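Here's the letter readout for the chains.
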Amino acid sequence: MKSLVCLKQVPDTETQIKVKPDGTGIATDGIKYVINPYDEFSVEEALRLKEKFKAGEVQILSVGPDRATEAIRTALAMGADKGIHINDEALNQADPFVIAKALAAAAAQVEYDIIFCGHRAIDDDFGEAGAMVAELLGLPQVTLVTKVEISEDKKSAVMERDIEGGKETVEVPLPCVVTSQKGLNEPRYASLPGIMKAKKKPIDKKSAADLGINAEPKLQARNFTMPAERQAGKRYQDMEPADAAKAVVQALRNEAKVI
Amino acid sequence: MEPGDGYFGESHEILRQTVARFVEREIKPFVDEWEEAGEFPRELYRKAANIGLLGVCYPEEWSGFQSDIFHEVVVTEELTRSGSGGLAAGLMSHGIALPPILALGSKEQKERFIPPVIRGDKIAALGITEPGGGSDVANLRTRAVRHGDHYVVSGSKTMITSGARADFVTMAVRTGEPGHRGVSLLVVETDSPGFVVSSKLKKMGWCASDTAELSLDEVRVPAENLLGQEGAGFYGIMSNFQKERLHLSLMANTTAQLALEESIKYAGVREAFGRTLKGFQVTRHKLVDMATLVEVSREFTYSVAAGIHAGKDMIKQVSMAKIFSAEICDRVCHAAVQIHGGYGYMRECLVERLYRDSRILSIGGGTSEIMKEIISKLIL
């Protein structure tokens, strides 16, 4: 079973995000980066498929600056076999469309039975790249997947996906694009022996020119701002409950203007 | 060393994430319970072993993993970040129990004793301190008398980390004349008749690790468990002091760092007289002093680790690092409790535990006074 796992390096969820004074982006000093958690589910699922079929490979594909090698290397330390790192100045500010173009162009150069993407990245929360990759490659896609069962002949798969208030089970021919959702699995740790082995695993570096892509972004970020700081709350105490309720309703209507 | 930011390269950073996550998932949710209980589940050794933590810096030949001293640094720092120094000390007690086997043991002994510990199947402890003396190794009294193919061992050991449930104890015993030339190291298996855990000791801090007093009454230990030659024990014990002191320094810096982080958080939310504690210059300056001490101590300790990594003799510097970091840790934890006020005195408050855990660091692994004696011999 050959899996291609698209992976993004994102700021750690614990990071206190600050916006640059000029509003062009977030301040990156001192930020700790990790693998996007949804992509980690993808890596784990791909590793499990390889283990289940006792054959195949797991290839990691990522677009990002130099620092993104650490995320690729972490996936290799978990057990993936090799990586492709698309590292190009021109792609650093790319929108989901340009990223998807790059991922699809790289995917077209390798063999795979299935492509995994996280259903969204926790930094910009677009949730578009996976679906676009499928479109660009002309592949079927199953989004928000929480369970993957590949048929013995590796020609199709039955998957469970999240829908509002429940699960939907779908059958899909392979190859296809899957976007991973929380609940798919519990990712393993990158073990110390895995980390040391990963040092010797190959990461293929590619530029936009190597992939022959020259895509114009469809989105332009104009300005970044922090949400307004929360104001201190107001207390209504030492009142009869009925009076307090009245006062709160009045305040919500007249002061906060939310009802 | 790998290219990277200062002392740490890519593999160190990935390992740091692994250990941090392990601590977050497997330790932090239960650590208060384990501190109360005075021990953590044995199963944790195997869990740590599964991700390679117990084999860091041990030769691959004995089930270890090729790695360098900064991988060890990362493991110690991140385990200490669990907020329980005892947990880190107990889980890594093989860090003091196995090195004498590595230094003096035969191929057979290494094969027999090291891999089961690194796999998390067996627990190893180091037994040196006796009721009558600690760092004064040359005067230890536990006797081992050779009878044919066995030694008969009688005596007692105390304050043995992981001693209450270790499967074997790398034990310093007297086989010969008085003084350090008569000291040997024997691996004593704890299921031997006559070996008794006479008391599980209650401690001020490091509560999640079990610490025991051991009593040996004519325990028969096979002669093949002798490490190296008779009389080589003193050398075997001394060979690992450098690393042990480095790790205690790292624990001190990390404990202080946690106390600082907790204090910064608290000073940002706790209000007094209409503003947060951070709004008072006296608190801000106190926090800056704490941060400066921790940073200086940590950098010095890293430079010592780099020296050991480069194969230099760092006895003087590592002894200095241990004195300095332990003292900084005491001061920073003291200030942290002060900033937390009454809450800092409560069991539910992390800095209360850090304050207690800090106290052992200028005592265990050789007191600050012993460190100063060592240094004075080197510089005076």
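Residues numbered from 1 in each chain as written. Chains lettered and ligands numbered in written order. Predicted model: local features only at pLDDT ≥ 70, side-chain atom pairs only at ≥ 80, totals over all residues. Heavy atoms only, no water.

### Some points on the overall build of chain B
Selection rule: Numbering goes from the N terminus for both helices and strands, where a helix is a DSSP run of H or I of at least four residues and a strand is a run of E of at least two. Burial here depends on accessible area, computed with a 1.4 Å probe over protein chains only, as a share of the maximum for the residue type. Under 20% is buried, over 50% is exposed, and the range in between is partly exposed.
Scanning chain B from N- to C-terminus turns up 14 helices and 12 strands. Here the C-alpha coordinates of chain B stretch approximately 80 × 45 × 45 Å along the principal axes. Buried positions account for 56% of the 380 residues belonging to chain B.

### Section: the domain arrangement of chain B
Residue and element names in this part refer to chain B. Short version of the rule: Throughout, the edges of the domains are those of an automatic or database domain assignment. The contact criterion used is simple: two residues touch if any of their non-hydrogen atoms lie within 4.5 Å. Put simply, buried area is how much 1.4 Å-probe accessible surface two parts lose in total, over both of them, once they are put together. Pairing of N or O atoms within 3.5 Å defines a polar contact, subject to two protein rules: one partner must be a possible hydrogen donor and the other a possible acceptor, and residues neighboring in sequence count only if both atoms are side-chain atoms.
Per the domain assignment, the segments of chain B are domain 1 (10-118), domain 2 (124-230) and domain 3 (235-379). The interface is formed by 25 residues belonging to domain 1 together with 24 residues belonging to domain 3. Summed over both sides, the interface between domain 1 and domain 3 buries roughly 2,000 Å², with carbon and sulfur atoms accounting for 62% of that surface. For the interface between domain 1 and domain 3, the tally reads 9 residue pairs in polar contact (both at pLDDT 80 or more).

### A short note on helix α11 (residues 281-309) of chain B
Side chains of residues three or four places apart in an α-helix project in the same direction, reflecting 3.6 residues per turn. We apply this condition: To estimate how far a helix should extend, the number of its residues minus one is multiplied by 1.5 Å.
Counted at 1.5 Å a residue, the expected span for α11 of chain B with its 29 residues is 42 Å, and the 42 Å between its end C-alpha atoms agrees. Count one or two residues on from α11 of chain B and you reach G311 of chain B, which has phi positive near 85 degrees.

### As for the nonpolar core
Definition in use: Only buried Ala, Val, Leu, Ile, Met, Phe, Trp, Tyr and Cys residues count toward a nonpolar core, and they belong to the same one when joined by side-chain atoms within 4.5 Å.
Ranked by size, the top nonpolar core spans 128 residues in total, and within it I60, I114, I150 and M159 of chain A together with I27, L79 and L186 of chain B carry the most contacts. Other than its neighbours up to four places away in sequence, L186 of chain B contacts A144, Y151, V153, V169, T170, M171, V173, V221, N225 and L226 of chain B. I86, A107, Y112 and A134 of chain A belong to the second largest nonpolar core, which has 26 residues in total.

### Concerning the interface of chain A and chain B
In plain terms, the rule: A side-chain nitrogen of Lys or Arg and a carboxyl oxygen of Asp or Glu constitute a salt bridge if their distance falls within 4 Å. Side-chain classes are defined by residue name, with Ala, Val, Leu, Ile, Met, Phe, Trp, Tyr, Cys and Pro counting as nonpolar, Asp, Glu, Lys and Arg as charged, and the others, Gly among them, as polar.
Each partner contributes residues to the interface: chain A has 18 residues there, and chain B has 20 residues. Each partner contributes to the roughly 1,800 Å² buried at the junction of chain A and chain B, and carbon and sulfur atoms together form 59% of this total. Broken down residue by residue, the surface that chain A buries against chain B is led by Y189, L192 and M196 of chain A, which jointly contribute 40%. Joining chain A to chain B, the criterion identifies 3 salt bridges. A salt bridge links E186 of chain A to R25 of chain B; its shortest N-O distance comes to 3.5 Å. At the junction of chain A with chain B, the criterion picks out 9 residue pairs in polar contact (both at pLDDT 80 or more). Listing elements by their share of the side of chain A that touches chain B, those giving two or more residues are β3 (33-35), α2 (68-78) and α5 (192-198) of chain A. Ranked by the residues each element gives to the side of chain A that touches chain B, the list is headed by α2 of chain A, at 5 residues. Residue classes in the side of chain A that touches chain B are distributed as 10 nonpolar, 3 polar and 5 charged.

### Quick word on unusual backbone geometry
In this structure, the amide linkage connecting L174 of chain A to the following residue, P175 of chain A, adopts the cis form with an omega of 0 degrees. The backbone phi angle of K54 of chain A is positive, close to 50 degrees, even though this residue is not glycine. We classify K54 of chain A as exposed; its relative accessible area is 75%. With phi around 45 degrees, W206 of chain B is a residue other than glycine that occupies positive phi space. Its place among the elements puts W206 of chain B in the loop between β8 (195-200) and β9 (211-222). W206 of chain B gets classed as buried once you look at its relative accessible area, which sits at 12%.

### Describing the sheet that holds strand β8 (residues 156-163) of chain A
Residue and element names in this part refer to chain A. Threshold: For two strands to pair, DSSP has to find at least two bridges joining them. Angles shown run from 0 to 180 degrees and are taken between the N-to-C directions of axes, each axis being a line fitted to C-alpha atoms and, for helices, limited to the stretch in contact.
Spatial ordering of the open sheet is given by β9-β8-β7-β10-β6-β1-β4-β5-β11, a layout of 9 strands whose pairing is mixed. Strands at the two margins of the open sheet, each flanked by one partner only, are β9 (166-173) and β11 (203-206). Neighbour to neighbour, the strand axes of the sheet diverge by 35 degrees on average, direction disregarded. Looking at chain direction, strand β1 (residues 2-6) and strand β4 (residues 57-63) are connected through 5 bridges and run parallel. Counted as the bridge partner of V5 is I60 from β4. Helix α1 (residues 37-53) contacts β1, β4, β6 (114-118), β7 (141-150) and β10 (176-180) of the sheet and is inclined by roughly 155 degrees relative to β6. Taken strand by strand, helix α4 (residues 129-137) contacts β6, β7 and β10, and its axis lies near 180 degrees from that of β10.

### What to know about the pairing of strand β5 (residues 150-161) of chain B
Residues and elements named next belong to chain B. With 5 bridges connecting them, strand β4 (residues 143-147) and β5 associate as antiparallel partners. Paired with R146 across the strands is Y151, a residue of β5. Counting the residues that bridge the hairpin from β4 to β5 gives 2 residues, and of these G148 lies at a positive phi of roughly 60 degrees. Where β5 and β9 come together, 9 bridges link them in antiparallel fashion. Paired with Y151 across the two strands is V221, which belongs to β9.

### Considering the domain arrangement of chain A
Domain boundaries assigned for chain A yield domain 1 (2-211) and domain 2 (228-259). For domain 1 of chain A and domain 2 of chain A, the distance between their C-alpha centres works out to 46 Å.

### Focus on the UniProt feature "domain: Electron transfer flavoprotein alpha/beta-subunit N-terminal" (unreviewed entry) in chain A
Selection rule: UniProt positions are given in the numbering used here, feature names are shortened, and annotations may be inferred rather than shown by experiment.
Here the UniProt feature "domain: Electron transfer flavoprotein alpha/beta-subunit N-terminal" (unreviewed entry) sits at residues 23-215 of chain A. Helix makes up 31% of residues 23-215 of chain A and strand 28%. Its end C-alpha atoms lie 25 Å apart.

### A few points about the UniProt feature "domain: Acyl-CoA oxidase/dehydrogenase middle" (unreviewed entry) in chain B
UniProt records the feature "domain: Acyl-CoA oxidase/dehydrogenase middle" (unreviewed entry) for residues 125-219 of chain B in the present numbering. The span residues 125-219 of chain B is 0% helix and 52% strand, and its two end C-alpha atoms sit 17 Å from each other.

### Here we look at the pattern of salt bridges
Residues and elements named next belong to chain B. In this structure the tally under the stated criterion is 39 salt bridges over all chains. For R46, the salt bridge goes to D121, with nearest N and O atoms at 3.2 Å. Of this pair, R46 sits in helix α3 (residues 43-50) while D121 sits in the loop between α8 (107-118) and β3 (124-127), and the two are 75 residues apart along the sequence. Residue classification places D121 among the partly exposed residues on the basis of a relative accessible area of 34%.

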